[in-house]
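Notes for the structure review
If you want the building blocks of each chain, they are given just below.
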Amino acid sequence: MLEKFLLLAAIVIFAYACRTFANRYIAKLGWIAMLVATYLVGFWLSSGSQVAGGLSVGLWFVLPWLEIIGRVRKLRFPAENEVKHRFPPNSEVFPDLNELSHEAEEAGFVETDNAGWKWEESDHFVRLFYHEESRTQAAITLAQQVEFAISYVSLTSRTGDGCTYTTSNYPFSYSMKFTPMHRVNRYVDALSFDDLLGSHQEFMAIHALEPTDLVVMDAEELPIFIQKEMRHQIDHNVTVGVLEPVGEGLFRYTWRGCFFLWGQVLKDMLRV
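Structural notes, computed from the coordinates.

Criteria and thresholds
- Residues numbered from 1 in each chain as written.
- Predicted model: local features only at pLDDT ≥ 70, side-chain atom pairs only at ≥ 80, totals over all residues.
- Heavy atoms only, no water.
- Helix = DSSP H or I, 4+ residues; strand = E, 2+ residues; numbered from the N terminus.
- Buried < 20%, exposed > 50% of the residue type's maximum accessible area, 1.4 Å probe, protein only.
- Contact = heavy atoms within 4.5 Å.
- Areas by Shrake-Rupley, 256 points an atom, 1.4 Å probe, with all protein chains shown as cover.
- Lys, Arg positive; Asp, Glu negative; His and termini not counted.
- Charge placed at Lys NZ, Arg CZ, Asp CG, Glu CD.
- Axes fitted to C-alpha atoms, helices over the stretch in contact; angles between N-to-C directions.
- Left-handed = near helix turned anticlockwise from the far one by under 90°.
- Arc of directions from axis to C-beta.
- Polar contact = N/O pair within 3.5 Å; in protein donor to acceptor, adjacent residues only side chain to side chain.

Some details on the overall build of the protein
- The helix and strand tally for the protein stands at 7 helices and 10 strands.
- Principal axes of the C-alpha set define a box for the protein whose edges measure 70 × 45 × 40 Å.
- Looking at the protein as a whole, 42% of its 272 residues qualify as buried.
- In the protein, of all internal contacts separated by at least 6 residues, the share reaching a separation of at least 24 is 55%.
- Summed over its atoms, the accessible surface of the protein is roughly 15300 Å², and 60% of this surface lies on carbon and sulfur atoms.
- Counting 23 positive and 33 negative side-chain charges, the protein places the centres of these two groups 12 Å from one another.

As for the packing of helix α3 (residues 50-70) against helix α7 (residues 255-271)
- In the contact formed by α3 and α7, the axes pass within 10 Å of each other and the chain directions differ by 145 degrees. The interaxial crossing formed by α3 with α7 has right-handed handedness. Touching W60, F61, P64, W65, I68 and I69 of α3 are W255, C258, F259, L261, W262, V265, L266, M269 and L270, all from α7.

Here we look at helix α4 (residues 97-106)
- Among the residues making up α4, those that are buried are L97, L100, S101 and A104. Burial along α4 is one-sided: seen end-on, the buried residues are contained in an arc of 100 degrees. Seen from the open side of α4, the exposed residues pointing more than 90 degrees away from its buried face are N98, E99 and E106.
- Against β4 (122-131), β5 (136-145), β6 (148-158) and α5 (193-206) lie the buried residues of α4.
- Looking at the residues trailing α4, positive phi occurs at G108, about 100 degrees.

Considering the environment of R231
- Looking at the secondary structure, you find R231 in helix α6 (residues 222-239).
- For the pair formed by R231 and Q201, sequence separation is 30 residues and the distance between their alpha carbons is 27 Å.
- What R231 contacts, discounting residues up to four positions off in sequence, is A79 and E80.
- At 2.9 Å, the side chain of R231 and the side chain of D235 are in polar contact.

Right under this line is the structure:
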């Protein structure tokens, strides 16, 4: 029994150590090691049943579903989200903000505003930039939910026919579907702002778009663009059955939306 405990402890420590690395393949190895440890727990507790070991591993994939139906399904979100000016968080909350802002300015983007919005437990801060020559918006975002926080950068270009093209290093699958007029290029492994910008330029080239095909945006109106696009996305998700209105300008995930969200979480788990 002691040997089994020591082996299990060694695998868990190895898994945790791997998860501290920025390299995605080493981090993936840590996730696999944790699955192995979970399998062994079920296998040993059942006196050698491989089925029990497999069911133990399956619990990792069931837990997100329990979180979705136990918490997310009960959440209510406003259909209208006012994106308004706000002061940036301090360096302890968002330590990378100044460095990312400097990278954006080095690439020729000009800071236009600090803004944000809230959804129940979620709090979003965004610093907006605009590059006049390429007609491109840049956004450095911090999304906070309870004690969990992530930051990411996105680049957005908009055409005269109403299409929006966004390149982002957002690290997770999206929690809502995008409208057919909003096309997204995920580049999670971007090493810098310039690297992300290069991917966005390639994205534009794939769609044969030149700066002259893009609309000239009023830098001061960027928060309004974001607010309108969020509303269009919510309306689209209501149309396709992911969300449903619950009165007083609020919406929630439908059961179909819960399954969609669960699928997105599972994709992230398998990808990581």
